[in-house]
There are 2 protein chains.
Amino acid sequence: MSRTPHHPTREQIELPMVLDCLSDPIRLAIVYQLAQQERVSSELRCSDFSALSGKSNLAYHFAKLRECGLMQTRVAGTNRFMRLRREDLEARFPGLLDAVLSSAAKDAERLPLVSGCDLIEVDRK
Amino acid sequence: MSRTPHHPTREQIELPMVLDCLSDPIRLAIVYQLAQQERVSSELRCSDFSALSGKSNLAYHFAKLRECGLMQTRVAGTNRFMRLRREDLEARFPGLLDAVLSSAAKDAERLPLVSGCDLIEVDRK
DNA sequence: TCGATAGTTCAATGAATCTTGAACATAGGG
DNA sequence: CCCTATGTTCAAGATTCATTGAACTATCGA
């Protein structure tokens, strides 16, 4: 559990995998919330997403989001801090992430996008 | 077989379904080829995609593309003419389709995007 | 009317996916 | 040093998905 999880390099990011990752409502909500958080701190803990599903199911979705290159995990003590790989995504597929995010924002009422917690208070490390 | 297949209304188009549709390489290739074709005629027959897979598998993917609102089918005799629902997509999720298409174009070598037939000669009806 | 063509529909199979709970590993606080 | 909190991993289940071939429908042309 101590090693940093595997992430693909920028060039290894594949379009179908990215789209497939974003097509799951829970993962879309995770990415959406991470994007919202970028204005404040750019990182969130796993437990910040507990409203979306159970721990073990979230770990499964986190793994998929890492494997497809959408986000990165930094291990710090017993916490994992996740952040969007925005620069890599933008270099690889310009405009794609923002187009998906603004589409998701437009449909916020229909999607399980983080009911309640708009922005999360941050005070860490 | 004579009735026009079901299509969702503009407002019924859902983001996760659209992304899921586009995450399949064959469907992405279909959409990509339809977009290429827009410069010439905006419509293609089912058989124009026969390089991608067999007839019955293509019918399966066409159905998914219709159900999620990405394309429309017009029945004309024994042919079906398909075209992108670009205006509806643009109204619903502005910029999304173009972002995906330009991302696909950037990765054209990695994707099964219509080997060979760049643009298809059109002379119909 | 007969035959060929264009697509769909159906059934079946194997693969992949999502979800859950239990067990596990690791770090931090008393 | 124990106890707790944070996440991961594993096994199992149910569901969905992609692919294939065969059967079918409907239209057009000779």
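Under an unreviewed UniProt entry, chain A has the name Helix-turn-helix transcriptional regulator and belongs to Bradyrhizobium agreste.

Visitor: Could you clarify how one ought to interpret the packing of aromatic side chains in this entry?
Guide: Each pair of aromatic rings is reported with the distance of its centres and the angle of its planes. All names here are of chain A. This model, assessed by the stated rule, comprises two aromatic pairs over all chains. Judged by centre distance (5.7 Å) and plane angle (70°), the rings of Phe 49 and Phe 62 are edge-to-face. Taken together, the residues span a long stretch of sequence, with Phe 49 in the loop between β1 (44–45) and α3 (55–67) and Phe 62 in helix α3 at a distance of 13 residues. Of the two residues, Phe 49 and Phe 62, neither departs from the other in class, the shared state being buried.

Visitor: Would you take a moment to explain the pattern of salt bridges for this structure?
Guide: Any two side chains of opposite charge can pair, given that their charged atoms come close. Residues and elements named next belong to chain A. Within this structure, the stated rule accounts for 20 salt bridges over all chains. Where Arg 10 meets Asp 88, a salt bridge forms, and the shortest distance between an N and an O atom there is 2.6 Å. Taken together, the residues span a long stretch of sequence, with Arg 10 in the segment before α1 (15–22) and Asp 88 in helix α4 (residues 86–92) at a distance of 78 residues. Where Asp 48 meets Arg 45, a salt bridge forms, and the shortest distance between an N and an O atom there is 3.8 Å. By relative accessible area, which is 15% here, Asp 48 ends up buried. When salt bridges that share partners are traced, they join Arg 10, Arg 85 and Asp 88 into one network.

Visitor: It is not clear to me how the relation of the copies chain B and chain A should be interpreted in this structure. Could you clarify?
Guide: Relating one copy of the chain to the other takes a rotation about an axis and a shift parallel to that axis. Under the fitted operation, chain B is carried onto chain A by 0.0 Å of movement along the axis and a turn of 180°, and the coordinates agree to an RMSD of 0.0 Å. The transformation relating the two chain copies, once decomposed into turn and shift, fits a two-fold axis. When the interface residues of chain B are mapped onto chain A, 100% of them are again interface residues, pointing to one common binding face.

Visitor: What am I meant to see in the protein's contact with DNA strand C here?
Guide: Taken together, 23 residues lie around DNA strand C, and A:Ser56, A:Tyr60, A:His61, B:Lys55 and B:Thr78 are the ones closest in. Backbone atoms, meaning sugar and phosphate, make up 60% of the atoms of DNA strand C lying within 4 Å of the protein. Residues of the surface near DNA strand C, tallied by class, amount to six nonpolar, 10 polar and seven charged.

Visitor: It is not clear to me how the interface of chain B and chain A should be interpreted in this structure. Could you clarify?
Guide: Quoted interface sizes are often the accessible area lost when the parts come together. Of the residues lining the interface, 25 residues belong to chain B; the matching set on chain A comes to 25 residues. In total, about 2,000 Å² of surface goes out of reach between chain B and chain A, with carbon and sulfur atoms giving 57% of it. Run the count over chain B and chain A and you get six salt bridges. For B:Arg92, the salt bridge is made with A:Asp107, and the minimal N-O distance between the two is 2.9 Å. Applying the counting rule to chain B against chain A returns 10 residue pairs in polar contact (both at pLDDT 80 or more). Secondary-structure elements contributing two or more residues to the side of chain B that touches chain A are α1 (15–22), α4 (86–92) and α5 (96–106) of chain B. For the side of chain B that touches chain A, the residue count by class is 14 nonpolar, four polar and seven charged.

About the thresholds
- Residues numbered from 1 in each chain as written.
- Chains lettered and ligands numbered in written order.
- Predicted model: local features only at pLDDT ≥ 70, side-chain atom pairs only at ≥ 80, totals over all residues.
- Heavy atoms only, no water.
- Phe/Tyr/Trp six-rings, centres within 6.5 Å; stacked < 30°, edge-to-face > 60°.
- Helix = DSSP H or I, 4+ residues; strand = E, 2+ residues; numbered from the N terminus.
- Buried < 20%, exposed > 50% of the residue type's maximum accessible area, 1.4 Å probe, protein only.
- Salt bridge = Lys/Arg side-chain N within 4 Å of Asp/Glu carboxyl O.
- Least-squares fit on C-alpha atoms with pLDDT ≥ 70 in both.
- Contact = heavy atoms within 4.5 Å.
- Near = heavy atom within 4 Å.
- Nonpolar A, V, L, I, M, F, W, Y, C, P; charged D, E, K, R; others polar.
- Buried area = accessible area lost by both parts, 1.4 Å probe.
- Polar contact = N/O pair within 3.5 Å; in protein donor to acceptor, adjacent residues only side chain to side chain.

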